[in-house]
Every structure is written in structure tokens, then in C-alpha cells.
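In case you want the letters, here they are:
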There are 2 protein chains.
Amino acid sequence: MSEAEVRAAYERIRPYVIHTPLERSRTLSRMLGADIRLKCENLQRTGSFKVRGALSRLLGMSAAERRRGVVAASAGNHAQGVAYAASIAGAKATIVMPESAAIAKIEATRGYGAAVVLAGADYAAAFHHAAALARRRRATLVHAFDDDAVIAGQGTVGLEIVEDFPDVEIIVVPVGGGGLAAGILAAVAARVRVIGAQSARASTLRPSLRAGRRIASPPSPTLADGLATSGIGARAWRLLRWRLRRAAIVGEAEIAGAILLLLERTKLVVEGAGATALAACLGPLRRTIAGRRVVVVLSGGNIDVNVLDRILNLGLAEQGRVFRFATVLSDRPGALSALSAVVAAAGANIKTIHHDRGRVGLGVLETLVTVELETRGPRHVPEIVRRLRARGYRVIADD
Amino acid sequence: MSEAEVRAAYERIRPYVIHTPLERSRTLSRMLGADIRLKCENLQRTGSFKVRGALSRLLGMSAAERRRGVVAASAGNHAQGVAYAASIAGAKATIVMPESAAIAKIEATRGYGAAVVLAGADYAAAFHHAAALARRRRATLVHAFDDDAVIAGQGTVGLEIVEDFPDVEIIVVPVGGGGLAAGILAAVAARVRVIGAQSARASTLRPSLRAGRRIASPPSPTLADGLATSGIGARAWRLLRWRLRRAAIVGEAEIAGAILLLLERTKLVVEGAGATALAACLGPLRRTIAGRRVVVVLSGGNIDVNVLDRILNLGLAEQGRVFRFATVLSDRPGALSALSAVVAAAGANIKTIHHDRGRVGLGVLETLVTVELETRGPRHVPEIVRRLRARGYRVIADD
């Protein structure tokens, strides 16, 4: 894989992709003592960089190949990327998704005009099904990362980075199958350091770099579900093994924290995989990047709203902006409204409240009430507690 | 106010603001049958367009004025805009915020180096305090919208829009005090239609346009808190009364829906005021914009995470992706775990579960359980209900 191949891919796909913004973040630059710019592939068509590789592959196919169609297996961004690319290339696309795929992602894939087949309990089973289908139909199977045309397409992210920020010193990129990292390595000069970021629950990169050969191991469920492969692809490995400088590993709490930080401070919605490179900068790479000109690749933004909701709640509780406690009320009319009045006077909002009369250890005329409050922040919590206690309430904090 | 004044303001502020992206949205364009581009002022420094007006005002001040400092009243984006602008202009800034201001916004304002004074129960009281403070110190009071230099600064949003999209036909812009709309009107050619969008809970624009004079009325609490003024400013009114084409009014549910749509489909975090123009396009302006080249101004992204959390939950419930129901269990060991197993087999996740032994009308050995599930979407719900009923559970839906 050479820079020329990436440039050729860029010529093909340029009319159909967004040259995504490279935003300098003042907040993150200050927090990290570095010049931090975010490559916003979450704002790319279909919500992730995957569409670049898919377009590169499909637009390189002959008219006869396009007529026979394409098949791909994916539960996520590759599905939408291939579906969109097929609509541009005038090819019929069939996407095999695992039976557990989120309905929102199935709908999005169909929205680009692809046929969706649900088959298999997991990605491996869906891939097996897709391969058989492609053979039967003499259609082209489009692999998500182990394909030179796909890697060249992902490398166009690197071309845009150096075009917009020629002085970049370090690029931090999330790694699943390694296609994006390999493509970027092919596209940028050798003096630019490329560092891979992985979830601890799908971290084959570091053992592979240490062993000097690809180590496979099945991933565990992770917020960075887009990175959950069983290992680096063979084609990507040819570039990564010699030129990738380092593998940085982050945990689930770090990924969740990075998602919340991006949401609150940069106003960007980023999925778990997309936030992994920033999580690495905030954690294991902090000293490596200090004082440097750094690009953090936000690879995608397709996060499930249910997942985002859980992350917000976690983050709010950690920041002291939600306060949960229990108290005991006498079981007579007006007791709950009196409690609510004290909370309101303290400037807090009740999010949820639960009565439980049957709790063991309480008197017959007593009720345990658990309350969840929105607060104005951590310094507000002791004031709320003080006011409640001043009015005679026991406050049993929940933690 | 003339285009030349806006251009002069742009020359002053250009080095310190982001030329924000104007992103074409395929999804919204398809939904609305129009060419829809989003002006992303949520990605602006300090998270909103307000910084443009503040910089225009402060960078136009003399060295002597800067030494005496500036004072402003705001609970939100103007506070951060003035604080940031003062740090650029080398002026001391004092921001008066109402006592109820969110701690996150106080911290952000202090983060730009401003002194924060908490005074007054609401914005009007804080403004009164700020005006007195400015007089006492001989400092400059920077109004959030009723100021020509501020309006000229906000108008630079319009210059960027026509630079990036010369063929624009309609610009839809949220209106509070009217500074942004007035500035944009001054900046763009008369052939471009500018339409104002307001929350129904702070909607003085339509009655004012009808009466031909400014009508003031106190705002009610709204998700679009950045638009909650008691009326249009006198200086903005001079432009709006002759040149604004229309006022579109939207409700709270429409604003919440627009926030969720932007989050899920365009990966952008937008506050209530910032989503109001899109809500208007999806509602009252749908026929007006059909087939047109439209810019929707996303004015800011500073939404409280607690508020965002509530909006996500509302949206999830509306989309059938959260399902709440109650059922009755016999009060014996293992009953809850059996219920959980049925739910898991149906492919749903339990979000919350509550036992209530004391409910009137239940047998002594029965417990009412209320359950909140994450589903894969609306078509998943009947399947879950069917499986529960097949195993003998009563399912009492909550709505």
C-alpha cells in the first residue's frame, strides 16, 4: 500500500464523501497541554469513516461486477457504508446482519436502499452466511477491513489531515481490524507518529506488536463495539507491524468519560469506538502528547440513544449532578408533599421518587422513600442535605 | 445597520472566531424535500454565536474603556461570550448571573477569566444589578442584543452563510431579542428571505409584526431558554419590522424532537434555542421551504446534561424504544428471577424494576412489580408482551 494508491482512491471517492472538519479544541488543548485537533468523521456521510473504504472498493469494480452486486456482513458502520456506496455505484447490495442487530441500524441500512438479511447469532456467523451468499450469487464480498481497496479508502482520512494541518506530529487513531490505521500510515509521511488506541476488551494490537505476529483473541462486549474484532487483518498488519508506534489501551469508564466530555465541551456526538482515541489521550498517552501537535480521529458517531442515556446518567452521578438518597416518612397524608417542598426550597428538582411500604425494619406507620434529585452540582449536595436534616429528615445517601 | 458595518465587525473579530461549518444534511434534505444546510454555531468558541457580538463590541472599545472594564448580565451564552471576548481584548469582565444560574455555566464563565457575581432571582434583577455596578465603576455595560456593535457582530454569521452558499434562498433563524436575525438581515441581500423562529412560550415576534410595533410580554419557562426575553430589542426592531418575512412558532415537544433528531442523525449537540429553527422547518414552515435552498441556523450547543437526559428519555419512550409495564408476582422466592429470564429471552434489557408490596387491591401474597425495558424498537414491544403473556404474566402497559 502506497500513498499513490490512497491518492487514487481519493480521486474516485471525493465527490461522494465529506471533507470532514478538523476542529481545534481549546478546551482539550488546555486540559492536555497540547495542540489538539479533532478529525470529525462522526460528521461523515453515514456517520462514520467506513463509507470511504466501501466507496473506494465499489467504485473500483467493473460494470459486470457491479451488475452481479455486492454482499457484506456487519452489524454497524460497514453495513451503512456499503449500502450507501452501492447506491452511488449503481450496484445491488445485500447486507447480512446478525439477528441481534439494533433495529435503528437495520432501518438506516435499508434507508440507503440495501436489502438486509438477518442471519446468525453473532458477526462471525453473519460473515459465514454472507460469504456463502456471495459465492452462490457470484457477487462480490466486501470485507470491512481486510481488503487493499478498502484500506486505501480509509487512508483518505490521513490525506485530509495533512492537507488541513501539515505540521501534525502525532495522529491517534482507534484500531479494530486496523484498516483505518493502516490507510492513514500509507497516506502520511514517515515523520508523523501514528498511535493506535484500543479498548481493553478487544486489545489484540499490543500482544501482536510484542510478538511480531498477529495474535487473535475473541473480544468481550465493550462500549467501543465498532472495534470488537477478533484481531488485526492480514493486509493491515503488513503496515502496522513496521510503522505503528504504539498501542494504547483504555477501559470502559475512560471511554464513557470521553463520550461525555466530547458531548458537553465540543458539542459532538461520538460513538464508543470514536471516543477511544481521545480516551487514550486523556489516559495512557498524556505524557506522550504533551506539548505536541496532535490529531485525534473521532471515527464515528453512530451511538445508540439507549447507550448514550446510560452514559449521561453515569456521568451525571459521577459529577455530583444527580443525588440519590432514602428517607423515612410517617405514613400519613401530606408527608410526601412536605418533603417535596423542602427539596424545592433547596433549589433541586425531583427526577424520580419511590414509596416502599413493605420494607423490613420499619414501623407499621412508616414508609421508606427513595428520591433521585437533579442538583446544581457537587457543591449543592451538602446544602440540600443540611436543609433536609434541619427539617428533621434522616438522609441515607445511596452509594 | 448596513452590510459595511457587519463587514467591518468581521475584520475585527475574524482571528478569534471559528468560521463554523455549513453542513448539508442528506437526511434532513430528504425528510423535508429541500436542500437543507445547517450553520453550526454550536461548534463556535464558547458554544454559541454570542461570542461574535461580544467580540465586535469589545474590540471596538478604546484602550481607556478597556482599562475600566466591562460588565454584563446573563445566565447563559452571553456570559461566556463576553468573558471570552474580554480575555482577547485585555479588559476586566464582571458577569452578573442570577442566583439560580447553573453551576456548569458559572464555572465555564470563570474558566474564561471573568469575575462572576451572583445577584437577583431572575435575569431582570441581575441586569438591574449589572447596570448599577457599571455606573459605579464607570465600566461599559455590554447588552446582550440591544447594541449596534453587538448586532453587527452577530451579522457575521450571515456573511459566512452567503460566502459558503451563495445560492441560499431562505435562512431560518431563532429569535429572542432579535440581535442575530437583525445582524443576518443587514448582512445578506434583500432577495434572501429571513424567517424568525420562536418558542410558543416566548413569542413576542408575531404580535409585534402584526401590530407594527414592539409588543413586550414576560416569557414562560421553555426548553429554548436562550430565547426567553420579554421582547425584541429596539435596535433590532428597526430591521426586523421591515425585512423579516415571517415568525414561526413552535412548542416544547417540537423543540425536544428537533434536539433528538439532530443528536441521532447529524451527531450534533444543540441546545433548545439552537434547535428552534429546525423545529420550525419540521413544523409550521414545511410547505414554505419545500424545494428551496435553506440554511437553518443552529445558534448554540450549551445544553445542560440533565435536560438532555430528560429529552433522550422522552424521545426513547415516544419511539417505542423504552417500554414500561406493570405485572403482579406471587411473593415467593424466585418469582422475580423467572420474570427476568422471560424478558432476557425476548431480547430486551431491564433498565429499572420496582417492587411494591403495599399496593391496595392485591392479595397478601402478591407483589406489584413495575418494569422499564430497553427494547429494539416499536416492533419489538408486541413480541415481548406476547412472550410474557404466553408464560402467564399479566402485562399492564403504562401510558
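For the structure, see preceding data.
Predicted model, so just to flag it, every value in this text is computed and none were measured.

A. Region of the structure containing the sheet that holds strand β6 (residues 140-141) of chain A. All names here are of chain A. Across the sheet, which stays open at both edges, the four strands sit in the order β5-β4-β3-β6 with parallel pairing between neighbours. Since the sheet does not close on itself, it has two edges, and those belong to β5 (115-118) and β6, each with one partner. As paired strands, strand β3 (residues 70-73) and strand β4 (residues 93-97) are joined by four bridges and run parallel to one another. Paired with Ala73 across the bridge in β4 is Val96.

B. Quick look at the sheet that holds strand β5 (residues 115-118) of chain B. All names here are of chain B. Spatially, four strands are ordered β5-β4-β3-β6 in an open sheet, and the strand pairing comes out parallel. Two strands bound the open sheet, and with one partner strand each, they are β5 and β6 (140-141). The sheet contact formed by strand β3 (residues 70-73) and β6 spans two bridges and is parallel. Counted as the bridge partner of Val70 is Thr140 from β6.

C. Here's a closer look at helix α6 (residues 103-111) of chain B. Residues and elements named next belong to chain B. By the burial criterion, the buried members of α6 are Ile103, Lys105, Ile106, Ala108 and Thr109. Packed against the buried residues of α6 are α5 (77-89), β4 (93-97) and β5. Positive backbone phi, at 95°, marks Gly113, one or two positions downstream of α6.

D. Focus on the pairing of strand β10 (residues 293-298) of chain B. Residue and element names in this part refer to chain B. β10 sits mainly inside the fold: five of its six residues count as buried. Where strand β2 (residues 35-40) and β10 come together, six bridges link them in parallel fashion. Bridge pairing in β10 links Ile36 to Val294. In the sheet, strand β7 (residues 170-174) pairs with β10 via three bridges, with the strands oriented parallel. Each bridged residue has a counterpart across the sheet, and for Val172 the counterpart in β10 is Val296.

E. The arrangement of the interface of chain B and chain A in detail. In this complex, chain B contributes 47 residues to the contact, which on the side of chain A involves 48 residues. Carbon and sulfur atoms supply 50% of the area that chain B and chain A bury against each other, a total of about 4,000 Å² over both sides. It is Lys267, Val305 and Asn306 of chain B in chain B that bury the most area against chain A; as a group they hold 17% of the surface buried on that side. Counting across the interface, chain B meets chain A through six salt bridges.

Criteria and thresholds
Residues numbered from 1 in each chain as written. Chains lettered and ligands numbered in written order. Predicted model: local features only at pLDDT ≥ 70, side-chain atom pairs only at ≥ 80, totals over all residues. Heavy atoms only, no water. Pairing = 2+ DSSP bridges. Helix = DSSP H or I, 4+ residues; strand = E, 2+ residues; numbered from the N terminus. Buried < 20%, exposed > 50% of the residue type's maximum accessible area, 1.4 Å probe, protein only. Contact = heavy atoms within 4.5 Å. Buried area = accessible area lost by both parts, 1.4 Å probe. Salt bridge = Lys/Arg side-chain N within 4 Å of Asp/Glu carboxyl O.

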